[in-house]
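Listed below, chain by chain, are the residues.
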Amino acid sequence: MLLAACGKAGGEPVGEVDTVFKFLGPDHKIVVDAYDDPGVSGVTCYVSRAKTGGVKGGLGLAEDKAEASIACRQVGPISFKGKLERQEEVFTERISLVFKKLRVVRMVDAKRNSLVYLTYSDRVIEGSPQNSVAVVAVPQGTVIPLK
């Protein structure tokens with residue numbers, strides 16, 4: 001699995017569950033990975049997604065489904081490594097050999113002092129991309145620095 005977090009370190013596998021037994025190659029599964037926000041210390045996002053098994057999956061040639069779920073949490077004191085864009089892609093992962101990527105975008109809701117994380121696939125399915133959203137409330141008194 002290749003993951004780039006704005007060109008930096010990738011996610012950590014948290015766990016996986018098998019969903020369909022495959023006689024040849026690995027089983028189909030759901031994987032959960034943790035991604036630390038590269039611009040915000042103390043925030044981690046957990047992304048679950050389907051991973052295709054079988055012979056193609058074992059060789060890295062299978063196309064994973066364009067579905068994912070995200071949950072982001074404060075896991076320590078929140079601090080900012082610099083000024084944040086109002087909207088910025090913070091993680092990208094290729095989920096097919098050529099065309100499909102899983103993306104996580106951070107949005108700043110300055111009015112509510114919150115960080116909003118959206119995950120989606122850049123391949124459109126039946127007119128609407130699958131997506132999921134999570135919010136981390138920044139503690140009162142901590143100002144989100146914006147560019």
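Described in the following lines is the structure provided in the data block. (Residues numbered from 1 in each chain as written. Predicted model: local features only at pLDDT ≥ 70, side-chain atom pairs only at ≥ 80, totals over all residues. Heavy atoms only, no water.)

1. Regarding the pattern of salt bridges
In this structure the tally under the stated criterion is 6 salt bridges. A salt bridge links Glu 88 to Arg 106; its shortest N-O distance comes to 3.0 Å. Separated by 18 residues along the polypeptide, Glu 88 in strand β6 (residues 87–94) and Arg 106 in strand β7 (residues 101–109) bring together distant segments of the chain. Exposure remark for Glu 88: the relative accessible area of 26% places this residue in the partly exposed category. One salt bridge in this structure joins Arg 103 and Glu 89, with 2.9 Å as the shortest N-O distance. Taken together, the residues span a long stretch of sequence, with Arg 103 in strand β7 and Glu 89 in strand β6 at a distance of 14 residues. For Arg 103, a relative accessible area of 16% corresponds to the buried category. On the basis of relative accessible area, Glu 89 is assigned to the partly exposed category, the value being 30%. Three or more residues are tied together by salt bridges with common partners; here these are Asp 37, Glu 88 and Arg 106. (Salt bridge = Lys/Arg side-chain N within 4 Å of Asp/Glu carboxyl O. Helix = DSSP H or I, 4+ residues; strand = E, 2+ residues; numbered from the N terminus. Buried < 20%, exposed > 50% of the residue type's maximum accessible area, 1.4 Å probe, protein only.)

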